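Breakdown of the fold
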Amino acid sequence: MKKLLLTLAFSLFGILSFAQIEGKWKTIDDETKQAKSIVEIYKKGDQYYGKVSQLLIKPENPNCVSCKDDRKNKPILGLEIIRGLKKDGDEFTGGTITDPKTGKTYKCTITRSGDQLNVRGYVGLSLLGRTQTWQKVN
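Structure report, in brief. (Residues numbered from 1 in each chain as written. Predicted model: local features only at pLDDT ≥ 70, side-chain atom pairs only at ≥ 80, totals over all residues. Heavy atoms only, no water.)

**Thoughts on the state of the cysteines**
The criterion, for reference: Criterion for a disulfide: a pair of cysteine sulfur atoms within 2.5 Å. The cut-offs for exposure are 20% and 50% of the maximum accessible area for each residue type, with area from a 1.4 Å probe on protein chains only; residues under the lower value are buried, those over the upper are exposed, and the others partly exposed.
Considering all chains together, one arrives at one disulfide under this definition. In this model Cys64 forms its disulfide with Cys67; the gap between the sulfur atoms is 1.9 Å. Here the S-S torsion is close to 70°, and the disulfide linking Cys64 with Cys67 is therefore right-handed. In terms of burial, Cys64 and Cys67 fall into one category: buried.

**Section: the nonpolar core**
Rules: What is meant by a nonpolar core is a set of buried Ala, Val, Leu, Ile, Met, Phe, Trp, Tyr and Cys residues, joined one to another through side-chain atoms within 4.5 Å. The way it works is that DSSP assigns letters per residue, a run of H or I at least four long becomes a helix, a run of E at least two long becomes a strand, and they are numbered from the N terminus.
Residues Ile21, Ile41, Ile82, Leu85, Ile110, Leu117 and Trp134 are the most contacted members of the largest nonpolar core, which totals 20 residues. Contributing elements (two or more residues each) for this core: β2 (35-44), β3 (47-55), β4 (80-88), β5 (91-98), β6 (105-113) and β7 (116-122). Counting residues per element, this core draws most heavily on β4, which supplies three residues.

Next up, the structure:
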């Protein structure tokens, strides 16, 4: 009986953690296929945010010179690039993601598939955007 309860508890934990996006994720450049950075996603209240916690490739400029909001000229390392996502079923949506290289901010939707995040940035309709796959960092 104890084994059954333990198995059930681990299964439930696995199901619950499957839909979570909190933690550290390795970003992959969709053009070069190289790892660029580690982004740490965390929860504040009922919303999710993400900041660059490690740079794996030295950027041309260490600051977000093209950003147009409160992040302008802030260091990319530690920069909050994901803001205001809310959990909606199996996806996280309603927030924004900023590309520190261009300074552009996009609407954002994130879904999890095992140890991968599908991070979609778009303008207007979700059809008008692109998806990056990020890898879980243990």
